[in-house]
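So the chains spell out like this:
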Amino acid sequence: MTHPLVIVPGIGGSGPEHWQSRWEAALPGTVRIAPGSWDEPDLSDWVAAIERAVASTPARPVLVAHSLGCLAVAHWAVETDAASARIAGAFLVAPPDPAGPEFPSAAVAGGFTLPLGPLGIPATVLASSDDPYAELAWSAAAAAGWGAGFIDLGARGHVNAASGLGEWPEGLQLLEDAATTARRAAGPPAA
């Protein structure tokens, strides 16, 4: 990867079999957010954890979010001045629908909502056609509203460890492709 990665998991922090944990172990310079509220998520705690992680990287990172982490990244992007100048992009995998029947009550209590409007950062949303936490049409509409690209992954469940993706090499290639597209859109670096 050209840029360091900041891993932004969902509730529970993504266990050792999750592709995020495998990428973190395999890719030097990768950092994971460290909120104090993994299991009882608090939005302000997670946004602050993203801020700390971004500030800790030696170069502009790519935020790699899964599930509830996608909503945290979206909030961070809309609440942070000059967010686009601080990160290289965001890779948002399987964002959950806060109005959906499976959305965790702990996340509702913690203030997690769907930020509306463009995120103002280069972003790609990836979604599964059989995700129990969001219908594909909702995911596509969220991506469009955020001004993000959209990739339909087909039937991959919640795109987590239970989906049996292992190290998810296809996802890593999609991340590389999204980062290349973001670099091209940004143009040459300032002299």
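Please refer to the structure higher up on the page.
Asker: Can you help me understand the nonpolar core in this one?
Answerer: Generally speaking, soluble globular proteins have nonpolar side chains that are buried together. Residues Ile50, Leu63, Trp76, Leu92 and Phe112 are the most contacted members of the largest nonpolar core, which totals 34 residues. Contributing elements (two or more residues each) for this core: β1 (5–8), α2 (43–56), β3 (62–66), α3 (68–79), β4 (89–93), β5 (123–127) and α6 (136–146). Examining the composition of this core, we find that eight residues originate from one element, α3, more than from any other. In contact with Leu92, other than residues within four places in its own chain, are Ala65, Cys70, Val73, Leu119, Ala123, Thr124, Val125, Leu126 and Trp146.

Asker: When you look at the sheet that holds β3 in this model, what are you seeing that I'm missing?
Answerer: Judged by pairing direction, the sheet is parallel, and its six strands sit side by side in the order β2-β1-β3-β4-β5-β6 without closing on themselves. Where the open sheet ends on each side, the last strands, each with one partner, are β2 (31–32) and β6 (149–152). Pairing of β1 with β2, which is carried by two bridges, proceeds in the parallel orientation. Following the sheet pairing, Val6 is matched in β2 by Val31. Strand contacts of α6: β4, β5 and β6, with the helix running at about 160 degrees to β6, the strand carrying the most contacts.

Asker: I keep staring at the packing of aromatic side chains and nothing clicks. Help me out?
Answerer: Aromatic ring pairs are reported here in terms of the distance separating the ring centres and the angle at which the planes meet. One pass over the structure, following the stated rule, counts six aromatic pairs. For the ring pair Trp38 and Trp46, a centre distance of 5.4 Å and an interplane angle of 70 degrees mean the geometry is edge-to-face. Aromatic ring contacts, followed pair by pair, group Trp19, Trp23, Phe91 and Trp168 into a single cluster.

Asker: For this particular structure, what's the right way to read unusual backbone geometry?
Answerer: Although it is not a glycine, Val159 sits at a positive phi angle of roughly 55 degrees. On the basis of relative accessibility, which here comes to 0%, the residue Val159 falls in the buried class.

Asker: I keep staring at the pattern of salt bridges and nothing clicks. Help me out?
Answerer: Any two side chains of opposite charge can pair, on the condition that their charged atoms come close. Inspection of the entire model under this criterion finds four salt bridges. Glu51 serves as the salt-bridge partner of Arg86, at 2.7 Å between the closest nitrogen and oxygen. Here Arg86 is found in helix α4 (residues 83–86), whereas its partner Glu51 is found in helix α2, with 35 residues between them in sequence. Exposure remark for Arg86: the relative accessible area of 26% places this residue in the partly exposed category. Between Arg156 and Glu170 there is a salt bridge whose closest N-O contact spans 2.8 Å. One end of the pair, Arg156, is in the loop between β6 and α7 (169–186); the other, Glu170, is in helix α7, and 14 residues separate them in sequence. Overall, Arg156 belongs to the partly exposed group, its relative accessible area being 25%. For Glu170, a relative accessible area of 37% puts it in the partly exposed group.

Scoring rules and cut-offs
Residues numbered from 1 in each chain as written. Predicted model: local features only at pLDDT ≥ 70, side-chain atom pairs only at ≥ 80, totals over all residues. Heavy atoms only, no water. Core = buried A, V, L, I, M, F, W, Y, C linked by side-chain atoms within 4.5 Å. Buried < 20%, exposed > 50% of the residue type's maximum accessible area, 1.4 Å probe, protein only. Helix = DSSP H or I, 4+ residues; strand = E, 2+ residues; numbered from the N terminus. Contact = heavy atoms within 4.5 Å. Pairing = 2+ DSSP bridges. Axes fitted to C-alpha atoms, helices over the stretch in contact; angles between N-to-C directions. Phe/Tyr/Trp six-rings, centres within 6.5 Å; stacked < 30°, edge-to-face > 60°. Salt bridge = Lys/Arg side-chain N within 4 Å of Asp/Glu carboxyl O.

Fair warning: the whole summary comes from geometry, so function is off the table for now.
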